Amino acid sequence: SGTLDLKAGHATIETSLDRPGMVLVEVRPPAGTTDFHGASKAEVGRVLLGAAVAPREIRASGPQPRDFDTFWAAQLRRLDSVPVEPQLTPHESGRDGVDYFTIKMNNVGGAHIYGQLARPTAPAPGPLPALLILQWASAPYPLQRQWVTDYAAQGWLVLNVEPHDVPSDMPQAFYDALPQIIKNYRLIGRHSREESYFLPMYLGDYRAAEYLASRPDWDGKTLVAMGTSMGGQQSFAVAGLNRRVTAVIANVPAACDLLGPLHGRAAPYPNWDVERPDVRETAGYFDAVNFAPRIRARALVSMGFIDETSPPAGIWAAFNLLAGPKDVVPLVDAPHNHMSTPEEVRPWVERWTAWLADLASHGVK
């Protein structure tokens, strides 16, 4: 901490770490002053700066649960005992040459998986690469048709699923009227691995991947899991659980290193109170860092150096544990995705767009 003298137009901040990690610097205008043509301190706000120290050596904050694989194997057997019973309902796609459907499938505990599916209009020229799109965090919201039809127009068989047990195509008033507890879902069941809200979410993602792989129009070689923030979190989970996933594209994934606050790191979404022993125990089964070593798929991962929702240290820890071919896109000036400017995230947009085009053309190398 200290005061910067900017009379010369610039100043230097020097610091160091004694171990691999991330540095986040916050700069605020002096209290009671104005800056930038008379704007108040509140209007100017704060400036964040980020730096990495030996990021390829950043490790997870705690060990994985000893029965991690046993637990998830049991949950997948439980899911397998529930018939899929997919219900596809056709709708107008709004795009020439694209078929569009809403879909409903069974999940555990009487829950359902809702989503939308699109593909090039049959008969398409040969089997199709598959893309599973997973959604970011928020109170439940409708899925937008163009999120799948745009990719279908590029030659993808694409499925986009709701993270919640709600229909994907209702009017906004339907979602607004949902109980408040569902809108605060991130905290539901955090005291128990069997009751966590993320358990049926991850299982629904697994079933969505299995459904894509079961379709006769899948090409049998390319199945991409893609998402931003909580969607990136889900992409790690489904790729760690399902070997059919051949590529992962995870933009600022959430839930990376949930135990980080116990070791001086910033807390990632869903911001669980891991100081509680029961919450800390549950966290291990849903933490992206514990799915990462099980991922053999090719992976592309980004992190924002000034991201306070998905802190970069935890993402580095998860990235470093990935077992397959991997590429990283450090966004050195970027906060979380919805707060970033197009220029701050331009390197990511260019990389994942090129990646997806390559996967559509050539599959996984």
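Residues numbered from 1 in each chain as written. Predicted model: local features only at pLDDT ≥ 70, side-chain atom pairs only at ≥ 80, totals over all residues. Heavy atoms only, no water.

Asker: Quick question: what am I supposed to make of the nonpolar core here?
Answerer: The nonpolar side chains of a soluble globular protein tend to be buried with one another. Leu132, Leu159 and Phe236 are the most contacted members of the largest nonpolar core, which has 47 residues in total. No other element matches the six residues that helix α10 (residues 312-321) contributes to this core. Setting aside residues no more than four positions away along its own chain, phenylalanine 236 makes contact with Ala250, Pro253, Ala288, Phe291, Ala292, Ile295, Val301, Ala318 and Leu322. In this structure, Tyr185, Leu199, Met201 and Phe286 belong to the second largest nonpolar core, which totals 29 residues. (Core = buried A, V, L, I, M, F, W, Y, C linked by side-chain atoms within 4.5 Å. Buried < 20%, exposed > 50% of the residue type's maximum accessible area, 1.4 Å probe, protein only. Helix = DSSP H or I, 4+ residues; strand = E, 2+ residues; numbered from the N terminus. Contact = heavy atoms within 4.5 Å.)

Asker: What's the story with the environment of valine 27 in this structure? I'm lost.
Answerer: Note on placement: valine 27 falls in strand β1 (residues 21-27). Along the chain, valine 27 and valine 84 lie 57 residues apart, while their C-alpha atoms are 53 Å from each other. The residues touching valine 27, leaving out its near neighbours within four places in the chain, are Leu4, Ile13, Arg46, Val47 and Leu49.

Asker: I keep staring at unusual backbone geometry and nothing clicks. Help me out?
Answerer: Cis geometry marks the peptide bond from alanine 122 to proline 123, where omega comes out at 0°. Turning to its location among the elements, proline 123 is positioned in the loop between β7 (112-120) and β8 (128-134). Residue alanine 54 is not a glycine yet carries a positive backbone phi of 50°. Its location among the elements puts alanine 54 in the loop between β4 (47-53) and α2 (68-80). For asparagine 271, which is not a glycine, the phi torsion comes out positive at approximately 55°. Tracing the sequence through the fold places asparagine 271 in the loop between β11 (247-251) and α8 (277-283). Since its relative accessible area comes to 37%, asparagine 271 is described here as partly exposed.

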